Structure formats: structure tokens, C-alpha cells
Amino acid sequence: MPSTRATGSGKRGASRGAPMLRLRIGFVLIAMVLSFFGARLVQLQGVDPRSYAVRAAAEGAVRVPLEAERGDILDRNGVPLADSVKGKMVIADPSLTADRAPELARLLSERLSVDYFRTLTALRGRKEGSRYEYVARRVPSTLAGDTLAVVDEAGFEGISLQDDPIRSYPSGDVAANLLGYMGTDEPLGGFERTFDEQLAGVDGEATWQSNSGKGVRIPLRESTLKAAKNGAPLRTTIDRDLQWFTQKVLAQSVRQYRAVSGAAIVMDTRTGEILALADVPTFDANAPTEAKSEDDLGSRAMSDTYEPGSVEKVLTAAALIDAGKAFPRQRFKVPPNLARQDRVIGDWFDHGNIRLTLAGIIAKSSNIGTVLAADAFSPVELVGYLQRFGLGQRTDIGVRGETPGILTPGEAMTSQTKDRVAFGQSLSVNVAQMAAAVNTIANGGVRVSPSLIAGSAVTDDGVTVGTDVATRTRVVSKQAARATARMMEKVVDPEDGVAPAAQVPGYLVAGKTGTAQRVASDGTGYDGSTSVSFGGFAPADDARFTVYVVVHAPKVDGGGGSIAGPVFSRIMGYVLGRYGVEPTNGTPSRLPVEW
């Protein structure tokens, strides 16, 4: 019996010990697991929390760029010359589009007129793990919406749309020579490129967490938003309607006389603001690839140089009068030709020995008479005046590719070159330079630097331009400018002048014709063609506007008075009427042209 009890007592002890062992082992395992998680928690929260959070977020993060809206380019009255209209960006999530990429790429390339192979690359992902790829940019909203509907109906996933404004030029070719145009991702010319930093703004970005399969945003998960900063508008001094009219009239003349090109500019005499700057040929800024020539995509008025011809004579005359070396009634004996050191100088018209006043030299546009009058100047003196008129230096009005022209320094100029420069040869200019020079006479002898930007703006070269930084420089006295203007009135006189077609009914007009030989493209001499021009202002006795017109290489015979003069007349008449300038009822000049 006792032995039996002892045995039973031992089994019960063993039975009680086993649970205790299991309990101890359980506590140890629990402690180990808790220790592991505790250590992991310490690592995540204390040792390197940022890197682990970033890694976790990145696995399901979607980053979407937010396009800044480009600033408008406006005319002087706030009318948009360039603006942005609603468009869409077509976006692919390669995690959803890669499997059926060839079929989807074919559909999208046909619908959106985009390259098939580039689309295929985007649908498969340009980078491993990419969740966001551009398929097409700046797609019209209607086309994008219709395309998305077709994609969804065909059972494809992973294509979405995002706002992506389209650059638009509401007036087509109006001022396109100045505005430039946009490529897919960057500006490619004109103001769009020159003032891109102001117009472009700064893109933003949105980031959120998505599930790994569908790219759907997970509610309540962390997200960030860096808002886009839209670009600022750029206001110009251009008057859209006047620009349109100037381009139209100039284009008609270029066609009529079968010319290579032409340019015209309208300036506010008192402020130097450019109200119109036209080039022909030009292009539609909405379709730059359709331009007939790459040269049409910029402003020839500012980039091409040419000899100004006889319009320059009024600068010589004004300088001589200002220096006290000549006066309007001064008498000159003008021979049929004038032998000078390296060549014989002649006039555009045949004549024997004639007697002209200085006013008559300007009215008849005599090269010989101008040279005789300019004999009172040394090369240094003449060049000094021309430089103050603004020749030989850029106007810096914000137009890309502007040429400074060519004006030989006075110290290096020979007397023979000085003779030719005095009547507009052996130097070169651009349209804005010449207009600003003529405008100096209109403005009482004070040169106002021309402006195309209202207020101020900074170019991509770091130059601040605009009306806020315009300068005023006294070039000749008020009396000299007025005397020159009175001589210029005789140019349009139907009896004494060579450009009666430049008259504007009801107004006193002062102007000057120009006809110059054109330098050959290889620079070896003249090519036989001419550049014909007319520059002037009205009302002549209280000038409000200056207009300058040049037509290059017309194939129909004519000069500055017969070809450029009528263009000047139409443009000047339009701008005077548009801005409500009343006739002054002044008395026409009675200066004698002969003696």
C-alpha cells in the first residue's frame, strides 16, 4: 500500500511541473518577441526615423508636377497678344499600362498625333518603378476628353488627364515678329524667350500615398502640396489694332512692288514708346513650323542692317545748323557731279549747274549739295553728332538679335567716307535706330530712347528695359530741330519736293525720303538692288507721332517717295485719327529751295 501511494504521488508531481515549464518557456518567448519589437521601435523612432519614413512613403508615393500658368503678354491697353487657354496633359501610370503598351500606344498615337515609339516608351516607363509618365502635352481639352473616353471604353487602365494650359496667340501673326513662340516645354523666340523668367512662373508638386496596384490615393495618409506660382504678365507699348493695320498696309506694298521684305515702325514722339513695329514677311505664332523661312521667325527690322540712304541727310543738316555751320537759307552752287578723291559723286536726278539753298538740298535730296554743306564738318564732328542721335549702338528695347549697325569711329574715318556717310552711305542701321533719330528732330532736338515694354522688365541677359528706364538726351538745340523740321516740310511739297505722296490730308507733315544701294550678301559690294524708305512726323509743328517705313529690294522701279511715301501716309493718317489728334492749321513752310 505505501509503495502504491508513493508511485501515485510522483506522477502527480510530474504533472504539476510540466505546466510550469511551459509557462516559463512562454514568458521567455514573449520577452524575446517584445524585446525584438522594442529594439525595432527604438530603431525606427530613435535611431533613424527619417530614412525609414521616407523609404516607407516612397514605396507607394505618387508625385505629380503642377504646371504654373504662363503670364500673358499684353498690348498697351491690356489686350492679350499671347495668353494661355485650357488644355490637358495625358499621363500614364506604367504599372497599369505596361502589359498592353503596344495596343494602347497605337490608339494614343493615332488619336493624339504623337510618335508611336515615344508613346510606347512612356507606357512601359522610362525608369524602373515609374508611376507617372507624360504621353502628350498641351492637348486641347475636347480632344483629350474624347480620347480618354475611347481609352476607357476599350478597357485600358492607367491613363489620366491633368490641366496643362496651351499657349495661344489670339491675333495670329499680329506682332508675332516680337512675341516669338513656344515649343513643347520651352520658349523658342521673341519676348517669350527674352522675358521667360518673368512669364514662366514656378512649377509646384503634389505628393500622396497610393496603393500598389491601382495608383488610387489612400485617404488619411500623408500628402504634401507645393502650389505652383503662376507667371507674371508682360505689358508692351504695342497697340494691337495699330500693329495689325501697319502690318496690313506694309504687306500690301511689299506685294505690289514685289519686294523681298519691308519694315515699319510707329513711335510716340514725346515718350519714345513704340506703338507698332511691323515686319513683312512674318508668321502665325500659333503655327511657327508653317513659316516659309526661318528668317521670318524673328524681327528683320531689328536684326538686318542696311544703308539708310537720304533719310540720314536730315541728321547731317540738323547737326550743321546746331553747330552754327549752316542755316536753311544758305546758298550752294551744286554742279552736275562732284569729283572727290576716290570717286565721282552724283545725284539721283540729272541736272546741270543749279543753285539750291540748304532747304532745297533737303527738298530735292541732293547728294552733291549735302557733301558741300558737310565740308564744314570734320569726320570726328559728324560722327559725334550721329552717335548722339543713336547710330552705331543698340537701342536695347528687348528684341533678340538686335544689330548695333555700323558707324566708323570719327578718328578712323577718311574724308571720302565722311562724304558718303553725310548722305546715308557707308554706314548701316536698323529700323528702330533710324526711327529714334528722326524722332529726335520731331521732339525738339531731344532723343528719347525707344521702348517696347511698358514699365520695366529684365531680359535673359540681365538688362532692364522699358519706359521706366527710358533716357532723354539733348542732341541738337530746339531751334536747330525746328529749322530742320521746316526744311523737311518742303520734301512733301507738291511743287518743290520729291514725296508729295507722303502727305496726310489736313495735316502738316515733315519727312525725308531715302534710296540706298543694298550690299551683297557676301559683303563684296552692292548687288544692284535698293532699299527705299520714308521717315517723318506729324503734325510737323507739334509732332505727336513719328513713322518710319523701309521696303527692301523692290522689283518695280520707284524710290522712297513713290513706294514708302504712300505707306507712311496711310499709317500716319490712321494713327492720327485713332488717337484723336486734331490738325494744327499751321502755315506750311515758305523756305526757298533755289536762289
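Overview of the structure. Everything numeric here is computed off the predicted structure, so don't read it as measured data. (Residues numbered from 1 in each chain as written. Predicted model: local features only at pLDDT ≥ 70, side-chain atom pairs only at ≥ 80, totals over all residues. Heavy atoms only, no water.)

Re unusual backbone geometry
Omega for the peptide link from Val280 to Pro281 comes to 0°, which places this bond in the cis form. With respect to the helices and strands, Pro281 occurs in the loop between β12 (274–280) and α11 (300–303). Ala538 connects to Pro539 through a cis peptide bond whose omega is -15°. With respect to the helices, strands and loops of the structure, Pro539 is situated in the loop between β22 (526–538) and β23 (545–552). Look at Ser113: it is not a glycine, yet its phi comes out positive at around 55°. Take Ser113: it is sitting in the loop between α4 (101–112) and α5 (116–124). In the Ramachandran plot, Arg138 falls in the positive-phi region, its phi being about 50° despite a non-glycine side chain. (Helix = DSSP H or I, 4+ residues; strand = E, 2+ residues; numbered from the N terminus.)

Digging into a nonpolar patch on the surface
Residues Leu21, Ile25, Leu29 and Met32 make up a contiguous nonpolar surface patch of about 400 Å² in total accessible area. Here Leu29 is to be found in helix α1 (residues 2–47). (Patch = residues over 30% accessible without salt bridge, like charges linked within 9 Å, V, L, I, M, F, W, Y side chains within 5 Å. Areas by Shrake-Rupley, 256 points an atom, 1.4 Å probe, with all protein chains shown as cover. Salt bridge = Lys/Arg side-chain N within 4 Å of Asp/Glu carboxyl O.)

Structural notes on the sheet that holds strand β4 (residues 87–92)
Read from one edge of the open sheet, three strands run β5-β4-β6, paired in antiparallel fashion. Edge strands, defined here as strands with exactly one partner in the open sheet, are β5 (133–140) and β6 (159–163). Each strand of the sheet is rotated relative to its neighbour by a mean of 25°, with strand direction disregarded. Seen against the sheet, α4 touches β4, β5 and β6 and runs at an angle of roughly 25° to β5. Running at roughly 125° to β5, α5 makes contact with β4, β5 and β6 of the sheet. (Pairing = 2+ DSSP bridges. Axes fitted to C-alpha atoms, helices over the stretch in contact; angles between N-to-C directions. Contact = heavy atoms within 4.5 Å.)

Quick word on helix α14 (residues 367–374)
In an α-helix there are 3.6 residues to a turn, and that puts residues three or four apart on one side. A large share of α14 lies buried, amounting to seven of its eight residues. Along α14, the residues that are buried comprise Asn367, Ile368, Gly369, Thr370, Val371, Ala373 and Ala374. Among the residues of α14, the N-terminal cap falls to Ser366, whose side-chain oxygen and the backbone nitrogen of Ile368 are separated by 3.5 Å. (Buried < 20%, exposed > 50% of the residue type's maximum accessible area, 1.4 Å probe, protein only. Polar contact = N/O pair within 3.5 Å; in protein donor to acceptor, adjacent residues only side chain to side chain.)

Some remarks on empty space enclosed by the protein
Regions of empty space are outlined by a rolling probe, equal in size to a water molecule, passed over the atoms. Applying the stated rule across the entire model yields two cavities of 30 Å³ or more. In this structure, the largest cavity encloses a volume near 50 Å³. Taken together, Ser261, Gly262, Ala263, Asp279, Arg300, Ala301, Asp304, Tyr306, Val431, Val550 and His552 form the lining of the largest cavity. Only β11 (261–268), α11 and β23 provide two or more residues apiece to the lining of the largest cavity. Sorting elements by how many residues they give to the lining of the largest cavity places β11 first, with three residues. In this structure, the second largest cavity encloses a volume near 40 Å³. Every residue along the wall of the second largest cavity is listed here: Lys313, Thr316, Ala317, Leu320, Leu358, Ile361, Ile362, Thr370 and Ala373. For the lining of the second largest cavity, the element with the most residues is helix α12 (residues 313–322), which contributes four residues. (1 Å grid on protein atoms, 1.4 Å probe; cavity = no way out; pocket = protein on both sides within 12 Å on 5 of 7 lines; lining within 4 Å. Points joined across faces, edges and corners; volume = space filled by probe spheres on them.)

A word on the packing of α12 against α14
As a packed pair, α12 and α14 sit with axes 10 Å apart at the nearest point and diverge in direction by 30°. When the interaxial angle is binned, α12 and α14 end up roughly parallel. Every pair of crossing elements has a handedness; the one defined by α12 and α14 is left-handed. Listed contacts from α14 to Lys313, Thr316 and Leu320 of α12 are Asn367, Thr370, Ala373 and Ala374. Residue composition of the contact of α12 with α14, by class: three nonpolar, three polar and one charged. (Parallel < 35°, antiparallel > 145°, perpendicular 65-115°, else oblique. Left-handed = near helix turned anticlockwise from the far one by under 90°. Nonpolar A, V, L, I, M, F, W, Y, C, P; charged D, E, K, R; others polar.)

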